[in-house]
There are 2 protein chains.
Amino acid sequence: MTELDAIDSALLALLQNDGRRTNRELATLLNIAPSTCLERMRALRRRGLIVGYHAQVDLAAIGRPLQALIAVRVRPPNRAVIDGFRAFVEELPEVLSVFVVSGGDDFLIHVAVKDTDQLQALVLDKLTRRKELADVRTSLVYEHLRKTEIAPL
Amino acid sequence: MTELDAIDSALLALLQNDGRRTNRELATLLNIAPSTCLERMRALRRRGLIVGYHAQVDLAAIGRPLQALIAVRVRPPNRAVIDGFRAFVEELPEVLSVFVVSGGDDFLIHVAVKDTDQLQALVLDKLTRRKELADVRTSLVYEHLRKTEIAPL
DNA sequence: ACTGAAATCTGACTTAC
DNA sequence: GTAAGTCAGATTTCAGT
């Protein structure tokens, strides 16, 4: 990791808050020339600090207002089983993200569905059909806050 | 929720994969006129389907390679306590996102830190200082996969 | 590494189908 | 709702500091 100067940090913050800001606007806000700003922006991508730019969709607005976290234990919890189950879960359309974790559980699966029927169908028809699955616990997500701006500590 | 036609869906997918695509490029990919594409894009924002555009940063590249999920129970788990604790957690710089959940735990906190010392300091010095905190369990995150493209089910 | 000007391209708007 | 045309403004390159 190469160090971030004040301009890089500010640019990262601006692009995390609005990834479609124009280069000219960014340059004005940072008090640098547009050409300089463009080069900084590209450098952040080249150096791997910025991985990509993504539109954020409203889950409720696309008809998936119900979120849940599903804790899963698999048996035996070796690499082959973990990798196999992860690959399976990754392909499920209900899934938003998958955490492979240490501790009591092996997976934490964040899902968004239309209603409780779809959630039940996911757990009872899709997940429990897997033979390696040893335990499932489903928690409803009442609220999910995600930080948009992430800075070095 | 108003219905999404084929163009809207395709546009959503493209912008989730690369939020900085130009209107012209999007129009070409969708085989529609740029003016039409632009109007569709704005409509998605106006209708609330697209909430924003964000640059995605590499956590390891900014010096935060260690992720954890911290399950927390608070006491008593009423609205005042839940809201107070959530507001507190939200402000911690280590935190990436906060799930308020049903079930055994009240919160699941996703954090990214520099090393295990910072993780220990977060849990032992910051979280456990809160009097409402009844229980904490920390799981290391070995891997976190996040879907970039989310579609209606 | 940053700047500033020049050429090119994009996006916003109007008009018409 | 979609397409074409126009022009202001943005992006990008490059020579210069």
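Predicted model, so just to flag it, every value in this text is computed and none were measured.

Calculation rules
Residues numbered from 1 in each chain as written. Chains lettered and ligands numbered in written order. Predicted model: local features only at pLDDT ≥ 70, side-chain atom pairs only at ≥ 80, totals over all residues. Heavy atoms only, no water. Salt bridge = Lys/Arg side-chain N within 4 Å of Asp/Glu carboxyl O. Buried < 20%, exposed > 50% of the residue type's maximum accessible area, 1.4 Å probe, protein only. Helix = DSSP H or I, 4+ residues; strand = E, 2+ residues; numbered from the N terminus. Least-squares fit on C-alpha atoms with pLDDT ≥ 70 in both. Contact = heavy atoms within 4.5 Å. Polar contact = N/O pair within 3.5 Å; in protein donor to acceptor, adjacent residues only side chain to side chain. Buried area = accessible area lost by both parts, 1.4 Å probe.

Student: For the pattern of salt bridges, give the residues involved together with the corresponding values.
Tutor: What the rule picks out here adds up to 23 salt bridges over all chains. Note that Asp115(A) is salt-bridged to Lys114(A), the shortest N-O span being 4.0 Å. Accessibility expressed as a relative area gives 27% for Asp115(A), which makes it partly exposed. Close ionic contact of Arg86(B) with Glu143(A) constitutes a salt bridge, the shortest N to O distance being 2.6 Å. Here Arg86(B) is found in helix α4 (residues 79-90), whereas its partner Glu143(A) is found in strand β5 (residues 133-146) on a different chain. Given the relative accessible area of 16%, Arg86(B) is considered buried. By sharing partners, the salt bridges in this structure join Asp5(A), Asp8(A), Arg40(A) and Arg47(A) into a single network.

Student: Can you lay out the relation of the copies chain B and chain A for me, pointing to particular residues and giving the numbers?
Tutor: By a simple turn and slide, chain B fits onto chain A: the slide is 0.0 Å along the axis, the RMSD is 0.1 Å, and the turn is 180 degrees. Here the copies are linked by what is in effect a two-fold axis. An overlap of 98% is found between the interface residues of chain B and their copies at the interface of chain A, pointing to a shared contact surface.

Student: Please set out the side chain of His110(A) residue by residue, giving values where relevant.
Tutor: Structurally, the position occupied by His110(A) is in strand β4 (residues 107-113). Exposure remark for His110(A): the relative accessible area of 4% places this residue in the buried category. Here the side chain of His110(A) touches Gln67(A) through a polar contact of 2.7 Å, side chain to side chain. Here His110(A) is in contact with Gln67(A), Ala68(A), Leu69(A), Glu94(A), Val95(A), Leu96(A), Ser97(A), His144(A) and Phe99(B), once residues within four sequence places are set aside.

Student: Now, about the interface of chain B and chain A: what can you tell me, with residues and values included?
Tutor: Contacts between chain B and chain A engage 60 residues on the former and 60 residues on the latter. Where chain B abuts chain A, roughly 5700 Å² becomes buried across the two surfaces, and 58% of that area is made up of carbon and sulfur atoms. Of all residues in chain B, the largest losses of buried area upon contact with chain A belong to Arg20(B), His54(B) and Leu153(B), amounting jointly to 14% of the total for that side. At the boundary of chain B and chain A, one finds 2 salt bridges. Our enumeration of links across chain B and chain A arrives at 43 residue pairs in polar contact (both at pLDDT 80 or more). Within the residue set of the side of chain B that touches chain A, elements represented by two or more residues are α1 (6-17), β1 (50-57), α4, β3 (95-101), β4 (107-113) and β5 (133-146) of chain B.

Student: Pulling in residues and values, what's your account of unusual backbone geometry?
Tutor: With an omega of -5 degrees, the peptide bond between Arg75(A) and Pro76(A) qualifies as cis. Even without a glycine there, the phi angle at Asn31(B) is positive, about 60 degrees. Inspection of the secondary structure assignment puts Asn31(B) in the loop between α2 (23-30) and α3 (34-46). Judged by its relative accessible area of 71%, Asn31(B) is exposed.

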